[in-house]
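# Topology and contacts: notes
Here's the letter readout for the chains.
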Amino acid sequence: MNDSNGLGFYLPGALLLAAAGLKLPALWRNPRDELLRSVLVLLVLATAVFGCTAIPTLTAVNRFTGVPNAAAPLVFSLLTAFSGANIVLIFRWSSGPEDTERTRRWSRWCNIATLTVIAAINVLFALGEAPVERLRDLDTYYARTPYIREMILLYLAAHTTAAVTMTLLCRRWAREVHGALRTGLGLIAFGYVLNLLYDIAKFSAIGARWADADWDVLSTEVAPALASVSALLIATGFVLPLVAQHVTSQWDMWRRYSQLRPLSRELQGATRHSIALGGGPWTPIEIRLTQRESDIHDGILTVSPYLRAGVRERALRQELEAGRPADEAAAVADAVALATAVVLWGRARNTPQDPGADAADPVLVSPNSPSGLVRMSRALAKSAAVRSFRQTA
């Protein structure tokens, strides 16, 4: 990739940095979340890889240090760290709670191996001599130089090992999952296939130099283009399932919040608002939903002395005889009983009276589960039995 101004590297790096910034608040709230921490490390390293492999950055590092080609071990070290971070993240991502200790052990060994390779890369660079600055073709230009040659081969070998490992891990895990996670694993696996092609291009160009041939275009043009696309695919593959999970979770909460509106309105007068969790346009949906559910349960508790077991039993029998499924029939019966209790409670407020002998212990079953509460709310809004009761009342 012949990108002299570095935009082809800086723009993807900026996008990855923005993604890392979006993850920071979550890590601030959950500082011990190892998976989230690994994702953030991966995004930061991916950003660094893109930023440091741009030609302007390579030139700046060499000028700042005063050492020709000082940027080379820096880039090789970042690529090695990025590969190691990928493997660690896959270990933690694919492991269950029962595998925590084994995951930590494997992650520790992977980190040790990564740091060992990085240390060896920098030691080999220090031992070798690379006096001529090469911003695009260092791999092939110094393919025969002692120690520099070994440094290049070591980073390529580590890169190839990581690519094979990640491809196998992702393909194996992808067979067991579905949805956004499977798509993300597919992107990661494809990204690492491109990484293998990158390594093949580099090894081929170096081997051609050893054979006195010139295949430098594979190293200077083909390999960087493959690496750029690969890093974007890999980072996207890791971020996509997490973003999809967040969006799905938010959508589910908003839908549940909306579905509970009829039940909330039914009990509005009986709700004491003993716990005010906040409101307003900027209140997170988590707080809104918690407040609504709290109000509903508070309202049910308020009118529970006026629940009539006989009313619920009649409604339940009628719904079952009409062929309605048991859970839906129970929801309709609960909705009728609750609507009755709200009316009786409202009358008692105006004319104080004893609930009466017909009042039984609370008999509603729908509020015992989130899905039951939603069915009960839907019945209040749409059930013909509830409409019939309201007309009678």
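To start, this report covers the structure provided alongside it. Everything quoted here is computed from the prediction, not taken from an experiment.

### Quick look at the overall build of the protein chain
Of regular secondary structure, the protein chain possesses 15 helices and zero strands. Radius of gyration (C-alpha) of the protein chain: 32 Å, far over the 21 Å computed for a compact globule of 393 residues. With respect to the principal axes defined by its C-alpha atoms, the protein chain has extents near 100 × 40 × 35 Å. By residue count, 47% of the 393 residues in the protein chain fall in the buried class.

### Quick word on helix α3 (residues 55–65)
Buried within α3 we find I55, T57, L58, V61 and N62. For α3, the angular spread of the buried residues around the axis is 165°, confining them to a single face. Seen from the open side of α3, the exposed residues pointing more than 90 degrees away from its buried face are R63 and F64. Among the structural elements, α1 (7–29), α2 (34–53) and α4 (71–94) are those in contact with the buried residues of α3.

### Remarks on a nonpolar patch on the surface
Together, F190, V193, L197 and I200 give the surface a local cluster of nonpolar side chains, amounting to about 350 Å² of exposed area. Tracing the backbone through its elements, the reader meets V193 in helix α8 (residues 179–210). With a relative accessible area of 34%, V193 lands in the partly exposed category.

### Things to note about the pattern of salt bridges
Counted according to the given criterion, the structure contains 11 salt bridges. R63 is the partner of E133 in a salt bridge, and the nearest nitrogen-oxygen pair spans 2.9 Å. In this pair, E133 sits in the loop between α5 (100–127) and α6 (138–141) while R63 sits in helix α3, placing the two residues 70 residues apart along the sequence. In this structure E133 comes out as partly exposed when scored by relative accessible area, which is 26%. In this structure, D139 and K202 form a salt bridge, with 3.3 Å as the shortest nitrogen-oxygen distance.

### What to know about the nonpolar core
For soluble globular proteins, the rule of thumb is that nonpolar side chains tend to be buried together. One finds I90, I152 and F238 to be the most contacted residues of the largest nonpolar core, which totals 77 residues. Those elements giving two or more residues to this core turn out to be α1, α2, α3, α4, α5, α7 (148–174), α8 and α9 (216–259). For this core, the leading source of residues is α4, giving 15 residues. Not counting the four nearest positions on each side in its chain, I90 is found in contact with M166, L169, C170, W173, L185 and F238. Counting residues in hydrophobic clusters, the runner-up holds 35 residues, among them L263, L289, V311 and V342.

### Examining the packing of aromatic side chains
Both the distance between ring centres and the angle between the ring planes are used here to describe each pair of aromatic rings. Tallied over the full model, the rule gives four aromatic pairs. Their ring planes at 10° and their centres at 3.9 Å tell us that F76 and Y155 sit as a pair that is stacked. Taken together, the residues span a long stretch of sequence, with F76 in helix α4 and Y155 in helix α7 at a distance of 79 residues. Here the two residues F76 and Y155 agree in accessibility, since each one is buried. Between R134 and the ring centre of Y141, over which it is positioned, the NZ or CZ distance is 4.3 Å.

### Digging into the packing of α2 against α4
Put simply, α2 and α4 touch, their axes get as near as 9 Å, and they point 155° apart. Judged by the angle between their axes, α2 and α4 are roughly antiparallel. Regarding α2 and α4, the two cross each other, and that crossing is left-handed. Mapping the contact onto sequence places E34, L35, S38, V39, V41, L42, L45, A46, A48, V49, C52 and T53 in α2 and L74, V75, L78, L79, A81, F82, A85, N86, V88, L89, R92 and W93 in α4. Partitioning the contact of α2 with α4 into residue classes produces 19 nonpolar, three polar and two charged.

### Quick word on the packing of α4 against α8
Their axes nearest at 13 Å, the elements α4 and α8 cross at an angle of 150°. In terms of their interaxial angle, α4 and α8 are classed as roughly antiparallel. Between α4 and α8 lies a crossing of left-handed hand. Contacts from L79, S83, N86, I90 and W93 in α4 reach L181, L185, I188, Y192 and Y198 in α8. Here the residues of the contact of α4 with α8 are counted per class, giving eight nonpolar, two polar and no charged.

Each value, and the rule that gives it
- Residues numbered from 1 in each chain as written.
- Predicted model: local features only at pLDDT ≥ 70, side-chain atom pairs only at ≥ 80, totals over all residues.
- Heavy atoms only, no water.
- Helix = DSSP H or I, 4+ residues; strand = E, 2+ residues; numbered from the N terminus.
- Rg over C-alpha atoms; globule rule 2.2 N^0.38 Å.
- Buried < 20%, exposed > 50% of the residue type's maximum accessible area, 1.4 Å probe, protein only.
- Arc of directions from axis to C-beta.
- Contact = heavy atoms within 4.5 Å.
- Patch = residues over 30% accessible without salt bridge, like charges linked within 9 Å, V, L, I, M, F, W, Y side chains within 5 Å.
- Areas by Shrake-Rupley, 256 points an atom, 1.4 Å probe, with all protein chains shown as cover.
- Salt bridge = Lys/Arg side-chain N within 4 Å of Asp/Glu carboxyl O.
- Core = buried A, V, L, I, M, F, W, Y, C linked by side-chain atoms within 4.5 Å.
- Phe/Tyr/Trp six-rings, centres within 6.5 Å; stacked < 30°, edge-to-face > 60°.
- Lys NZ or Arg CZ within 6 Å of the ring centre and 35° of its normal.
- Axes fitted to C-alpha atoms, helices over the stretch in contact; angles between N-to-C directions.
- Parallel < 35°, antiparallel > 145°, perpendicular 65-115°, else oblique.
- Left-handed = near helix turned anticlockwise from the far one by under 90°.
- Nonpolar A, V, L, I, M, F, W, Y, C, P; charged D, E, K, R; others polar.

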